[in-house]
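# Summary of structural features
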Amino acid sequence: SSLFGKRWGGIGLSINRRRGGMMSYRASLLHGLNLNRFVLKNMLSDIGDEDASKPISGGGSNIRWLAGHILYGADRVYAYLIEKKPDRDIERKFGYQTSARDDSAGYPSLSELYERIDHIHEKLTAYISSHSDEDLEKEIKTGDRLLKVWQMLIGYIMHEYYHIGQIAMMRTALGRKRPFG
């Protein structure tokens, strides 16, 4: 089946749970989340707050805001899974309707943002690990729509990786070495 069904226009990805086929939902989700954790850690480990707060172009995003936006996404997804409210302070600073501020005043440090992201990644890993593929097939309310749990999680993982790619480009603009040799 296509990743998000017909609604998403068949973006070319699929997860097939047949024996001998591709990975299970759980294995695919854990692989994607663990890859994101590894790459994000390497992207942020040598960046300080000063460089992380520099916009790459006039009024554009910066690494610190993108890390906060990744935190916002992780917090929101986990909140949906455990049926709690997401952190409204993080939403106000880094949500979908926000943009990077030139001075980054009021933002947590980059290391704090990373620690919080990693903590939620641990919770997401535990959640995924403790649920079967059948559990991940169940629908969950996300805002005003229903998605299967695995669909919500893979969508989040892909969204996060997109922003990690932006951080990689910003590292280059800042003159940083590639984190992977």
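Since this is a predicted model, take the numbers as computed values, not measurements. (Residues numbered from 1 in each chain as written. Predicted model: local features only at pLDDT ≥ 70, side-chain atom pairs only at ≥ 80, totals over all residues. Heavy atoms only, no water.)

Moving on, we come to the environment of isoleucine 157. Among the structural elements, isoleucine 157 can be located in helix 7 (residues 149–173). The spatial distance from the C-alpha of isoleucine 157 to the C-alpha of leucine 33 is 6.2 Å, given a sequence separation of 124 residues. When near neighbours in sequence (up to four residues on either side) are disregarded, isoleucine 157 contacts Leu29, Gly32, Leu33 and Asn36. (Helix = DSSP H or I, 4+ residues; strand = E, 2+ residues; numbered from the N terminus. Contact = heavy atoms within 4.5 Å.)

Here we come to a nonpolar patch on the surface. Taken together, the side chains of Leu35, Phe38, Tyr161 and Phe180 make up a nonpolar region of the molecular surface, amounting to roughly 390 Å² of accessible area. With respect to the helices, strands and loops of the structure, tyrosine 161 is situated in helix 7. Here tyrosine 161 falls in the partly exposed class, since its relative accessible area comes to 38%. (Patch = residues over 30% accessible without salt bridge, like charges linked within 9 Å, V, L, I, M, F, W, Y side chains within 5 Å. Areas by Shrake-Rupley, 256 points an atom, 1.4 Å probe, with all protein chains shown as cover. Salt bridge = Lys/Arg side-chain N within 4 Å of Asp/Glu carboxyl O. Buried < 20%, exposed > 50% of the residue type's maximum accessible area, 1.4 Å probe, protein only.)

Structurally, the position occupied by arginine 64 is in helix 3 (residues 63–82). Of the buried charged residues, arginine 64 lacks a salt bridge, with aspartate 49 as the closest side chain of opposite charge at 4.2 Å. Engagement of the side chain of arginine 64 in a polar contact is seen with the side chain of serine 53, the distance being 2.8 Å. Once residues within four sequence positions are removed from consideration, arginine 64 is found in contact with Asp49, Ala52, Ser53, Phe94, Ser104, Tyr107, Pro108, Ser109, Leu110 and Leu113. (Lys, Arg positive; Asp, Glu negative; His and termini not counted. Polar contact = N/O pair within 3.5 Å; in protein donor to acceptor, adjacent residues only side chain to side chain.)

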